[in-house]
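Residue-level structure breakdown
Each chain is listed here by its residues.
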Amino acid sequence: MNRRRFIQQTTATAALAGISGFGLQAFSSSTAKKITILHTNDVHSHIDPFGPNDGRNANKGGVARRATLVEQIRKENPNTLLFDAGDIFQGTPYFNYYGGELEFKLMSMLKYDGATIGNHDFDNGIDGLYGQLPHAKFDFISANYDFSNTVLDTHVRPYKIFFVDGIKIGVFGLGIKLEGLVDKKLYKETVYLDPIETAQEMTTILKTDKSCDLVICLSHLGYHYKNAPNRVSDLILAKATKHIDLIIGGHTHTFLPKPTIEKNSENNNVMVNQVGAYGLYLGRIDFYFSPGRDVSSEGATILV
Amino acid sequence: MALKQLSLILLAGLILSCNNGHHVTKIEGKRIEVNPEIPADSTIEAFIKPYHDHLNKDLDSIISYAPMTYAKTDGELNTAIGNLMADAVYSQCNPIFKKRTGKDIDFVLLNYGGIRSVIPQGNITTRTAYEIMPFENAVVVTELKGAQVQDLLRYLSIAKRAHPISQQLQLTLNERYEVISATLNGNAIVLDKSYFVATNDYLFNGGDKMSFFQQNEGVYPLNYKVRNVLIDYFKKTDTLTSKKDNRFIRVAP
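- Taking an unreviewed UniProt entry as the reference, chain B is identified by name as 5'-Nucleotidase C-terminal domain-containing protein belonging to Winogradskyella aurantia.

- The name an unreviewed UniProt entry assigns to chain A is Metallophosphatase, from the organism Winogradskyella aurantia.
- Its UniProt record gives chain A a comment under Sequence similarities (unreviewed entry), which states: "Belongs to the 5'-nucleotidase family."

Okay, here's the thing in structure tokens:
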């Protein structure tokens, strides 16, 4: 496939979609499929939009606007999933007053499909997080926190497989090391497992055993640590593993203007994305599928 | 052998067919800004409203009065707002610490960077406390030997910033920012004596490079958030009276 022609086609389609509104599928072929992944991270209890005097964030963000955006995109493509990469809690008095209840209720109303757990989600202790779970109608997905000896045992799943329009999507979660970042009194007997080893285990399950068409990692490891380049991060995770198609990141509040493309251990592309913080942006990744095995030598065309 | 080969081929075929469902031909990735051009969803807005209204009613309740505007940039090595915060931590926390341990806090150290907002002249509300201290940090009291207190003082002299200290400590630097006098309640600091220093958990854990807390003789978390210290202090203080003073100064040659 000629890359330039593809870009032109896409631009034309996008322009057309702009004119005719929603409901236009980018691919008319009955066998080709499109899955849209939407994502947020580090929303930190930012429910209301920023006020007019909030500097560079002025008048941006807000859950009610995000709801409109998500609904529009779902109308355009019903085959859409919405995820969060952790640190839902902490940052505005909404959290201090209501303990995360409103955050979870709103995410449920927006029909989030899953979230991983960030360090600040322990800010009211593991019991505080557990206590809010009844308000969340979506799953918490985290593979490298062993909660066996905590109240969260059986309430967090290592991975979840979504079937969307015949496409099998495996999603697993990874959290950051809590020691030194969160008081032990808060996370209690949560055991931290090596994220790279856990990712290898998860991708073996999701790709080899469960034959997922797409593997997504919800990560709260952080994008990259300039001053500690060997500290495990999304970029290191992408390079050290195989079979991950997309890493949805968080923790470092990295405002990526566009997703990063890394090469995995088998020299295949991995997309890494993170949309900063506070609900100022919504990440959108569209995956286009064709039936059967990939016969091209170049793999998928990536437009970012 | 033939059977083994056949089963291998079958296995390979099985794996291929399993992975054969669909393959990705194209990926498009971007971010969408959440800006005022996107209309708010009215259902979501209506759902938020009672939470929002209750919260704001409480946050806007008046709990004290500031006769002037207090900013952390108002002085070189001590400021009215820093003195207010350190002294508030002392007066709110010492009775709790004393009740639990029978001992007194010797002094309080906070950090300049931890003062996240000014206190504007006029009514002080609960929201003011959230603006000054948006983080959840709580007060911890740590037991330090005099030698570590000396390290703490050296840190303050090198930092050249108005890190808040409570009024029990009197620290004087010369024009080259060297410590020339340091007393606690008027007494010299004794190297092998134990002192109880209150700070917040962020600094205790090495925040702002305050590494001297690592060599401690014990730690007593009070489970009292710095923000709540401020709210409680404001509630019992009709009008703020804190001033810049001489607790931490540099003297001319």
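Thoughts on the overall build of chain B
- Across its full length, chain B holds 7 helices and 11 strands.
- If one aligns the C-alpha atoms of chain B with their principal axes, the spans along those axes are about 95 × 55 × 40 Å.
- Taking all 253 residues of chain B together, 48% fall into the buried category.
- Within chain B, residue pairs in contact and separated by at least 24 positions form 80% of the contacts whose partners lie at least 6 positions apart.
- Surface exposure of chain B reaches about 12,500 Å², of which carbon and sulfur atoms provide 54%.
- Both charge centroids of chain B, one from 28 positive and one from 26 negative side chains, sit 3 Å from each other.

Focus on the overall build of chain A
- Counting its secondary structure elements, chain A contains 8 helices and 14 strands.
- Here chain A holds 304 residues, and 56% of them are scored as buried.
- When contacts within chain A are restricted to residue pairs at least 6 apart in sequence, long-range pairs at least 24 apart make up 75% of them.
- In the structure as shown, chain A presents an accessible area of about 12,700 Å², 50% of it carried by carbon and sulfur atoms.

Focus: the interface of chain B and chain A
- Each partner contributes residues to the interface: chain B has 43 residues there, and chain A has 65 residues.
- Looking at the side of chain B facing chain A, the largest losses of area belong to His22, Lys26 and Arg31 of chain B, adding up to 16% of the total buried there.
- Put simply, chain B and chain A have 1 salt bridge between them.
- Salt-bridge contacts for glutamate 33 of chain B lead to lysine 60 of chain A; the nearest nitrogen and oxygen are separated by 3.2 Å.
- Elements with a contribution of two residues or more to the side of chain B that touches chain A: helix H1 (2-18), strand S1 (22-33), helix H2 (42-59), helix H4 (126-132) and strand S10 (218-225) of chain B.
- Taken together, the residues that form the side of chain B that touches chain A break down as 19 nonpolar, 13 polar and 11 charged.

Quick notes on the environment of leucine 77 of chain B
Residues and elements named next belong to chain B.
- Its place among the elements puts leucine 77 in the loop between strand S2 (62-66) and helix H3 (80-101).
- The class for leucine 77 is buried, based on a relative accessible area of 3%.
- With 49 residues separating them along the chain, leucine 77 and threonine 126 place their C-alpha atoms 28 Å apart.
- Look past the residues within four positions of leucine 77 in its chain and what remains in contact with it is Lys160, Arg161, Ala162, Leu173, Phe248, Ile249 and Arg250.

Focus: helix H5 (residues 146-159) of chain B
Residues and elements named next belong to chain B.
- Here H5 spans 20 Å end to end across 14 residues, near enough to the 20 Å set by a 1.5 Å rise per residue.
- Looking only at H5, the buried set comprises Gly146, Gln148, Val149, Leu152, Leu153, Tyr155, Leu156 and Ser157.
- Among the residues trailing H5, lysine 160 stands out with phi positive, at a value near 55°.

Quick word on the sheet that holds strand S13 (residues 281-291) of chain A
- If you walk across this open sheet you meet the 7 strands as S4(A)-S3(A)-S2(A)-S1(A)-S13(A)-S1(B)-S14(A), and the pairing is mixed. Edge positions in the sheet fall to strand S4 (139-140) and strand S14 (301-303) of chain A, since each has one partner strand and no second.
- Direction of pairing for S13 of chain A relative to S1 of chain B: antiparallel, over a ladder of 11 bridges. Across the sheet, isoleucine 285 of chain A pairs through a bridge with glycine 29 of chain B, a residue of S1 of chain B.
- Lying over the sheet, helix H2 (residues 63-76) of chain A contacts strand S1 (33-40), strand S2 (80-84) and S13 of chain A together with S1 of chain B, oriented at roughly 10° with respect to S13 of chain A.

Re the sheet that holds strand S3 (residues 107-108) of chain B
Residue and element names in this part refer to chain B.
- The sheet built from 4 strands is open, its strands ordered S3-S9-S5-S10 with mixed pairing. At either end of the open sheet lies a strand with only one pairing partner, and these are S3 and S10.
- Across 5 bridges, strand S5 (residues 138-145) lies against S10 in antiparallel orientation. Looking at the pairing, alanine 138 lines up with lysine 225 of S10.
- Lying on the sheet, H3 is in contact with S3, S5, strand S9 (194-200) and S10; it crosses S10 at an angle near 120°.
- Along the sheet, H5 makes contact with S3, S5 and S9, crossing S5 at roughly 120°.

Examining the packing of aromatic side chains
- Evaluated as defined, the whole model comprises 25 aromatic pairs over all chains.
- Measuring from ring centre to ring centre gives 5.9 Å for phenylalanine 122 of chain A and tyrosine 145 of chain A, while their planes differ by 80°; the resulting arrangement is edge-to-face. With phenylalanine 122 of chain A in the loop between strand S3 (114-115) and helix H5 (125-132) and tyrosine 145 of chain A in strand S5 (residues 145-146), this pair connects stretches of sequence that are 23 residues apart. Summarising the burial analysis for this pair, phenylalanine 122 of chain A and tyrosine 145 of chain A share the class buried.
- A connected cluster of aromatic rings, assembled from ring pairs, spans Phe89, Phe95, Phe104, Tyr112, Phe138 and Phe140 of chain A.
- The aromatic ring of tyrosine 281 of chain A is capped on one face by arginine 31 of chain B, whose charged end is 4.0 Å from the ring centroid.
- The residue whose ring lies beneath lysine 160 of chain B is tyrosine 177 of chain B, and the NZ or CZ to ring-centre distance is 5.0 Å.

Here we look at the UniProt feature "domain: Calcineurin-like phosphoesterase" (unreviewed entry) in chain A
- Listed under "domain: Calcineurin-like phosphoesterase" (unreviewed entry) in the UniProt record, and renumbered for this structure, are residues 36-254 of chain A.
- Secondary structure over residues 36-254 of chain A splits into 29% helix and 19% strand, and the C-alpha atoms at its two ends are 22 Å apart.

Cut-offs applied
- Residues numbered from 1 in each chain as written.
- Chains lettered and ligands numbered in written order.
- Predicted model: local features only at pLDDT ≥ 70, side-chain atom pairs only at ≥ 80, totals over all residues.
- Heavy atoms only, no water.
- UniProt positions renumbered as here; feature names shortened; annotations may be inferred.
- Helix = DSSP H or I, 4+ residues; strand = E, 2+ residues; numbered from the N terminus.
- Buried < 20%, exposed > 50% of the residue type's maximum accessible area, 1.4 Å probe, protein only.
- Contact = heavy atoms within 4.5 Å.
- Areas by Shrake-Rupley, 256 points an atom, 1.4 Å probe, with all protein chains shown as cover.
- Lys, Arg positive; Asp, Glu negative; His and termini not counted.
- Charge placed at Lys NZ, Arg CZ, Asp CG, Glu CD.
- Buried area = accessible area lost by both parts, 1.4 Å probe.
- Salt bridge = Lys/Arg side-chain N within 4 Å of Asp/Glu carboxyl O.
- Nonpolar A, V, L, I, M, F, W, Y, C, P; charged D, E, K, R; others polar.
- Expected span 1.5 Å × (residues − 1).
- Pairing = 2+ DSSP bridges.
- Axes fitted to C-alpha atoms, helices over the stretch in contact; angles between N-to-C directions.
- Phe/Tyr/Trp six-rings, centres within 6.5 Å; stacked < 30°, edge-to-face > 60°.
- Lys NZ or Arg CZ within 6 Å of the ring centre and 35° of its normal.

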